[in-house]
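Below, each chain spelled out in residue letters.
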Amino acid sequence: ASARSYVAASGRVFSISMTESENLVTDPQNHQAKQQWLTARSAASGLPLWKLPLGTEDPKSDLNTLNALPLATDGAVVLVVKDQSLVAVKAADGEILRTFPVAFPTSRLVYVNGIAIAAGWETVGRKAMWDSASKPDSSLWDVRFGDTGQGAVEAFEADTAKVLWKDPVAAQQVLATDDTVVYLTHGAYPVKEQAVVARAAQTGELRWRTTHADLAG
């Protein structure tokens, strides 16, 4: 329960969750800490290999697949957000190898062919999608988005954290193939325009851009 993300590679499973023994706190009120942890486990046995505290608390809401926390791996390195910074962690033992100079806290992440592509937002907003009567701070079904419309899509060389290119837009979703990254951009809420943008993953060269108006009719 409460797993925010998980990925697997090279015989290990990596997950982000607050459901860890380190969060058990014994006091008269039986409170439980909410800190999120990155945990590596053996894919064969499920036994924990190492854990890394991420310095953030679980918000107790938005617990659905649309809001999976940034997490990616190639089997040798794990990319995750710790203390609002995007970091590369050694998959074998949890050692932090480097920090990426992102312009905004990372909300969406893909990792392909040695390139880390991070989409960050200035602020996080929440919108109730299926339960209109729910409060945004408590619903499991809220969707997170870039509230102000300010953000950036940035590509980094994963081995060095070198910036390869940057597009100063807020992206709600990011996908990638071997050599192309595709993302959905939007402005401030309420959103009046969206666009799907495709760029070369290595160089950021624009391959095509389609707005919601182009798709109408």
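Here the structure is shown first, and the text comes after it.
Residues numbered from 1 in each chain as written. Predicted model: local features only at pLDDT ≥ 70, side-chain atom pairs only at ≥ 80, totals over all residues. Heavy atoms only, no water.

**Q** Quick question: what am I supposed to make of the overall build of the protein here?
**A** Per the secondary structure count, the protein includes 1 helix and 18 strands. Counting the 217 residues in the protein, one finds 45% classified as buried. In the protein, 46% of the contacts between residues at least 6 apart in sequence involve partners at least 24 apart. Of the accessible surface of the protein, which amounts to about 11,200 Å², a share of 53% is contributed by carbon and sulfur atoms. (Helix = DSSP H or I, 4+ residues; strand = E, 2+ residues; numbered from the N terminus. Buried < 20%, exposed > 50% of the residue type's maximum accessible area, 1.4 Å probe, protein only. Contact = heavy atoms within 4.5 Å. Areas by Shrake-Rupley, 256 points an atom, 1.4 Å probe, with all protein chains shown as cover.)

**Q** Quick question: what am I supposed to make of unusual backbone geometry here?
**A** Apart from glycine, the bulk of residues carry a negative phi angle, and the bulk of peptide bonds sit in the trans form. At Ser-10, a position not held by glycine, the phi torsion is positive, near 55 degrees. With respect to the secondary-structure elements, Ser-10 resides in the loop between strand E1 (5–9) and strand E2 (12–17).

**Q** Looking at this structure, how should I read the side chain of His-186?
**A** Mapping His-186 onto the fold places it in strand E16 (residues 180–186). We classify His-186 as buried; its relative accessible area is 7%. A distance of 3.5 Å separates the side chain of His-186 from the side chain of Gln-172, its partner in a polar contact. Setting aside chain neighbours within four positions, we find His-186 in contact with Phe-145, Gly-146, Gly-149, Ala-170, Gln-172, Val-191, Glu-193 and Gln-194. (Polar contact = N/O pair within 3.5 Å; in protein donor to acceptor, adjacent residues only side chain to side chain.)

**Q** I tried to follow the sheet that holds strand E14 (residues 162–167) on my own but got confused; where do I start?
**A** Strand pairing in a sheet relies on backbone hydrogen bonds, with the paired strands running either antiparallel or parallel. Ordered by their spatial adjacency, 4 strands build an open sheet running E9-E10-E13-E14, and the pairing between neighbours is antiparallel. With partners counted over all chains shown, the strands left at the sheet margins are strand E9 (106–112) and E14, one partner each. Across the sheet, the mean angle from the axis of one strand to that of its neighbour is 20 degrees, orientation sign disregarded. Direction of pairing for strand E10 (residues 115–121) relative to strand E13 (residues 151–157): antiparallel, over a ladder of 7 bridges. Within the sheet, the bridge partner assigned to Ala-118 lies in E13 and is Glu-154. (Pairing = 2+ DSSP bridges. Axes fitted to C-alpha atoms, helices over the stretch in contact; angles between N-to-C directions.)

**Q** Help me out: how do you make sense of the pairing of strand E3 (residues 35–42) in this one?
**A** Every regular strand shows the same layout, with side chains that alternate between the two sheet faces. Among the 8 residues that make up E3, 6 are buried, leaving the element largely enclosed by the rest of the structure. Here E2 runs beside E3; their pairing, made up of 6 bridges, is antiparallel. By the bridge assignment, Ser-17 is partnered in E3 with Trp-37.

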